[in-house]
Number of protein chains: 2
Amino acid sequence: MLIVQKYGGTSVANEERIKNVAKRVAAARQAGHKVVVVVSARGDLTDELMGMAVRVNPNYSKREMDVLLATGELQSSALLAMAIQGLGHPAVSLDGWLARISTTSAHTNARITSIDTERIMAELDNNQIVVVAGFQGVNRRGDFTTLGRGGSNTTAVALAAALKADICENYTDVDGVYSADPRIVPGAVKLSEISYLEMLELSALGVNVLAKRSVGLAKKYGVKLVVKSSFDDGPGTVIKEVRKMEGMFISGVAVDKNISRISISGIKDEPGVWFKVFSLMNQANIPIDFIQQAKMDDGTKDISFTVAKTDLEGAVAALEDNHRLGFDAMTHHGGIAKLSVVSTGMATNPGVPSLMFEALFEVGINIDSISTSEIRASVLIDEKEADRAANVVHEKFLSGKYIRD
Amino acid sequence: MLIVQKYGGTSVANEERIKNVAKRVAAARQAGHKVVVVVSARGDLTDELMGMAVRVNPNYSKREMDVLLATGELQSSALLAMAIQGLGHPAVSLDGWLARISTTSAHTNARITSIDTERIMAELDNNQIVVVAGFQGVNRRGDFTTLGRGGSNTTAVALAAALKADICENYTDVDGVYSADPRIVPGAVKLSEISYLEMLELSALGVNVLAKRSVGLAKKYGVKLVVKSSFDDGPGTVIKEVRKMEGMFISGVAVDKNISRISISGIKDEPGVWFKVFSLMNQANIPIDFIQQAKMDDGTKDISFTVAKTDLEGAVAALEDNHRLGFDAMTHHGGIAKLSVVSTGMATNPGVPSLMFEALFEVGINIDSISTSEIRASVLIDEKEADRAANVVHEKFLSGKYIRD
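Since the structure is predicted, the reported quantities are computational estimates derived from the model, not experimental observations.

(A) Structural view of the overall build of chain A. Summing up its helical and strand segments, chain A has eleven helices and 20 strands in all. What you see for chain A is a C-alpha radius of gyration of 24 Å, in line with the 22 Å of a compact globule of 405 residues. Each principal axis of the C-alpha atoms in chain A carries an extent, and together these give about 80 × 50 × 35 Å. When the 405 residues of chain A are sorted by exposure, 56% land in the buried category. In chain A, the proportion of contacts linking residues at least 24 apart, taken out of those at least 6 apart, comes to 73%.

Written as structure tokens, this is what we have:
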């Protein structure tokens, strides 16, 4: 098999951990596989480097930031190659240039445009274990670019796609994808597999196991992903195209407290209001949810919707700056949480939302509003009730055997 | 003018110093010059990285060490470019690849084979201040190589030669080249200028202001060098081709305590003995000095010569391993020092060595042996007398007005 393995910053945080990663890589090699490894910068190095940059020049140029940040992954790649060699296996590190990872020129947030696998394949054919510095590529001029946070996952998936690898293993500090956040829902179980779509939805709901972008890329190119811990030997969770489920299995219960509601009153009730709101938020790249409206007697209407708390400032500014959208008053408040159940079976199974509503009803938790998509059912509830709500809903599905671990 | 400036590790050791360097670069730019800056890794980063490598794998591969070490200069170059931009001047950092510095493949000790100045010239024409990561280049495959310690000086001189720069300024933590080590000879004076040859000789005698290799390169291509402090505004010392002096001016008095004498007795007195000794030492890349021999009555001879203490082990091993050189016994001892006077005027002025001998005679310091070259006169003396000897000899030349500051 040709395996792409990706190790995150905590997995290579110090010399001991780098040597442990080397053992894992060597084991895959000894099992007869060809191995390409993608590494992140160690531990907090990226943050340290950003701190230095800000102290030198708070208005740093993004091009120079990319040169600076690229060194973090370069160091990891060289050190890991050395550690693998120390176990008696030939290894070679390649940076974004040598791995021929071409990107757009959008410094600090570039996208991969193509990968020329010639050098990597030549090294593999030469029996080398190839260690690629993650998170980086080069633009047309050969200048370093970086792919944004979570970029090493993107590097790994893109390489797996380009190399037609059999599997892309993501080693991290958790041992897989859980049916809920175990810190909130102690009964959460580890899933043995999950579909790309469900994983995308969970990523969008704040489950930080894999960057949404890398899951999307894996789905696009059919790259089989595994999420595993770099600290133990568990099987992890496989992310792949799963056949449509017959039953109403769910893949996760997610709580998102990063929510604010924006309410606007006194908008003229005429066609195009929502179009204007959506296009403003879209220009500002801010997703919105839980849309509600109420018509008033005076011919105006009040509307409300939710945005991530972290997007609140941008959303308010965009709405205030735009004079096309006349309104009397705008308010916003927090204190709310979004509870979601994710299931690809939902499209054909209305039972999923009902079971969630039933669980909440049984314990007297009030539902403020409801929002559903093809594979997700979400409710807005009081933030103070969020953790309890997650537990009762999770327990409802688990005891009904609607979660497959 | 086109100026190449080089800043060493202490000059860019932290964010404040990087900002100070940026001010100096900006000043040169504001004076109307085109500026190319070469930077070293900050402070002790290179040593830290080497330490990490050794802990990961004591038998690290030199190729990977080069990738690891190259990141130090890359970080400095990006941070300095940011700091210069913070002062309102456009700046761009270039690594060994983008600066098109081609080298041999001798990892950790590569030599520059050529520099394609196209990208640098394009950036200069585009009004950019160009910051080049020192110490590094790339081999034919595009893999990073490094030039060995002191390599950033070599980068600066090579760039100055390739760009036909008007001057190459080396900023360091000393403010110029002195007529003797001020820690030993308090009366030492800073020289306003010195010839390439004298500087080469002083470098060989342990004066660590500039790596010998970069001075040799500057001489070869006629690059005008200046050594200056990055912490004050003194004029520094200019190193260039100086016309032969009419008088007997000296450029420096140097003390070298890193000396051991090797004595071999019972060698058959026949032609070729010295050839064998020299060729053995040459193969081991060990310079020798103060050669002496004495013929014995039994047809054998005793020979002795000095090597650097740091080369002693290698020299003894090479002599013992070689069976062609039959001898009865080999001993070695330290406790000696080499006192040298360097002067390009010496070839035509026997007055230089005589004045040195006179100074030593006046204070009763015994001379063990003498060695001279075209521009250097050295004596071997008791190590305990070395500092006093340096002071009296320096004073003799200074008071005779044979040192031009």
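(B) Representation of empty space enclosed by the protein within the structure. Following the criterion strictly, the structure yields three cavities of 30 Å³ or more and no others. The volume enclosed by the largest cavity comes to roughly 60 Å³. Contributing to the lining of the largest cavity are A:Asp95, A:Trp97, A:Val138, A:Gly142, A:Phe144, B:Asp95, B:Trp97, B:Val138, B:Gly142 and B:Phe144. Taken together, the residues of the lining of the largest cavity sort by class into six nonpolar, two polar and two charged.

(C) How the structure looks around the environment of A:Ser76. Residues and elements named next belong to chain A. Within the secondary structure, Ser76 sits in helix H3 (residues 62-86). Sequence separation of Ser76 and Val341 is 265 residues, and the distance between their C-alpha atoms is 38 Å. Every residue in contact with Ser76, bar those within four places of it in the chain, is listed here: Val12, Val39, Ser40, Ala41 and Arg42.

(D) Region of interest: the sheet that holds strand E16 (residues 300-308) of chain A. All names here are of chain A. With antiparallel pairing, four strands are arranged side by side in an open sheet as E15-E16-E14-E17. If you trace the sheet from one side to the other, it starts and ends with strand E15 (289-295) and strand E17 (329-333), each paired once. Averaged over all adjacent pairs, the angle separating strand axes in this sheet is 15°, with direction ignored. Here five bridges tie strand E14 (residues 259-268) to E17, and the two strands are oriented antiparallel to one another. Of the residues in E17, the one forming a bridge with Ile264 is Met330. Taken strand by strand, helix H8 (residues 273-283) contacts E14, E15 and E16, and its axis lies near 25° from that of E16. Each of E14, E16 and E17 is contacted by helix H9 (residues 312-321), which is oriented at about 10° to E14, the strand it contacts most.

(E) Molecular detail of the layout of surface pockets. Residue and element names in this part refer to chain A. In this structure, the second largest pocket spans a volume of roughly 1600 Å³. In terms of lining, the second largest pocket is formed by 50 residues, of which the most central are Ser203, Asn208, Leu210, Ala211 and Lys212. Elements represented by at least two residues in the lining of the second largest pocket include exactly helix H2 (45-56), helix H5 (151-162), strand E9 (167-172), helix H6 (196-204), helix H7 (212-221) and E16. With four residues, H6 is the largest single contributor of residues to the lining of the second largest pocket. Broken down by class, the residue content of the lining of the second largest pocket amounts to 15 nonpolar, 21 polar and 14 charged.

(F) Fine view of the relation of the copies chain B and chain A. Relative to chain A, chain B is turned by 179° and slid 0.1 Å along the rotation axis, the superposed coordinates differing by an RMSD of 0.2 Å. Here the copies are linked by what is in effect a two-fold axis. By C-alpha distance to the rotation axis, the residue of chain B lying nearest is B:Thr71, at 2.5 Å. Take the interface residues of chain B: 100% of them recur as interface residues in chain A, which is what a same-surface contact looks like.

(G) Layout of the interface of chain B and chain A. Facing the 41 residues of chain B at the interface are 41 residues of chain A. Across the interface of chain B and chain A, roughly 3500 Å² is buried in total on both sides, 61% from carbon and sulfur atoms. Considering only the side of chain B, the residues that lose the most area to chain A are B:Glu15, B:Val56 and B:Met82, jointly responsible for 19% of the buried surface there. On inspection of chain B and its partner chain A, the count reaches six salt bridges. Its salt-bridge partner being B:Asp143, residue A:Arg119 comes within 3.0 Å of it at the nearest N-O pair. Contributions of two or more residues to the side of chain B that touches chain A are made by helix H1 (15-30), helix H2 (45-56), helix H3 (62-86), strand E3 (91-94) and helix H4 (118-125) of chain B. When residues of the side of chain B that touches chain A are assigned to their parent elements, the largest contribution, 16 residues, is made by H3(B).

(H) Spatial organisation of the side chain of B:Arg376. Positionally, B:Arg376 belongs in strand E20 (residues 376-382). Of the residues examined, B:Arg376 reaches a relative accessible area of 10% and is grouped as buried.

(I) Highlighting helix H11 (residues 386-399) of chain A. Residue and element names in this part refer to chain A. With 14 residues, H11 should cover 20 Å at 1.5 Å per step; its first-to-last C-alpha distance of 20 Å lies within 8% of that length. Those residues of H11 that are buried lie in contact with strand E13 (252-256), strand E18 (336-342), helix H10 (351-362) and strand E20 (376-382). Looking one or two places after H11, you find Lys401, whose phi comes out positive at around 60°.

(J) Fine view of the packing of aromatic side chains. Evaluation of the coordinates by the stated rule reveals nine aromatic pairs over all chains. Ring plane angle 10° and centroid distance 4.7 Å describe the contact between A:Tyr7 and A:Tyr171, whose orientation is recorded as stacked. Of this pair, A:Tyr7 sits in strand E1 (residues 2-7) while A:Tyr171 sits in strand E9, and the two are 164 residues apart along the sequence. Like A:Tyr171, A:Tyr7 is buried. Ring geometry for A:Phe397 against A:Tyr402: centres 6.3 Å apart, planes inclined by 70°, an arrangement best described as edge-to-face. Through pairs of rings, three or more aromatic residues link up here, namely A:Trp274, A:Phe278 and A:Phe305. The ring of A:Phe249 has A:Arg404 lying over it, and the distance from NZ or CZ to the ring centre is 4.1 Å. Note that B:Arg100 overlies the ring of B:Trp97, its terminal NZ or CZ placed 4.8 Å from the centroid.

(K) Quick look at the nonpolar core. Ranked by size, the top nonpolar core spans 70 residues in total, and within it A:Val37, A:Leu80, B:Val37 and B:Leu80 carry the most contacts. Among all residues touching B:Leu80, those that are not within four sequence positions of it are B:Ile18, B:Val21, B:Ala22, B:Val37, B:Val39 and B:Val131. Within the second largest apolar cluster, 68 residues are counted, among which are B:Leu339, B:Leu360, B:Ile365 and B:Ala377.

(L) Representation of unusual backbone geometry in the model. All names here are of chain A. The backbone phi angle of Phe135 is positive, close to 75°, even though this residue is not glycine. Position of Phe135 among the secondary structure elements: in the loop between strand E6 (129-133) and strand E7 (136-138). For Phe135, a relative accessible area of 6% puts it in the buried group. Phi is positive for Asn285, close to 60°, though the residue is something other than glycine.

The rules behind these values
- Residues numbered from 1 in each chain as written.
- Chains lettered and ligands numbered in written order.
- Predicted model: local features only at pLDDT ≥ 70, side-chain atom pairs only at ≥ 80, totals over all residues.
- Heavy atoms only, no water.
- Helix = DSSP H or I, 4+ residues; strand = E, 2+ residues; numbered from the N terminus.
- Rg over C-alpha atoms; globule rule 2.2 N^0.38 Å.
- Buried < 20%, exposed > 50% of the residue type's maximum accessible area, 1.4 Å probe, protein only.
- Contact = heavy atoms within 4.5 Å.
- 1 Å grid on protein atoms, 1.4 Å probe; cavity = no way out; pocket = protein on both sides within 12 Å on 5 of 7 lines; lining within 4 Å.
- Points joined across faces, edges and corners; volume = space filled by probe spheres on them.
- Nonpolar A, V, L, I, M, F, W, Y, C, P; charged D, E, K, R; others polar.
- Pairing = 2+ DSSP bridges.
- Axes fitted to C-alpha atoms, helices over the stretch in contact; angles between N-to-C directions.
- Least-squares fit on C-alpha atoms with pLDDT ≥ 70 in both.
- Buried area = accessible area lost by both parts, 1.4 Å probe.
- Salt bridge = Lys/Arg side-chain N within 4 Å of Asp/Glu carboxyl O.
- Expected span 1.5 Å × (residues − 1).
- Phe/Tyr/Trp six-rings, centres within 6.5 Å; stacked < 30°, edge-to-face > 60°.
- Lys NZ or Arg CZ within 6 Å of the ring centre and 35° of its normal.
- Core = buried A, V, L, I, M, F, W, Y, C linked by side-chain atoms within 4.5 Å.

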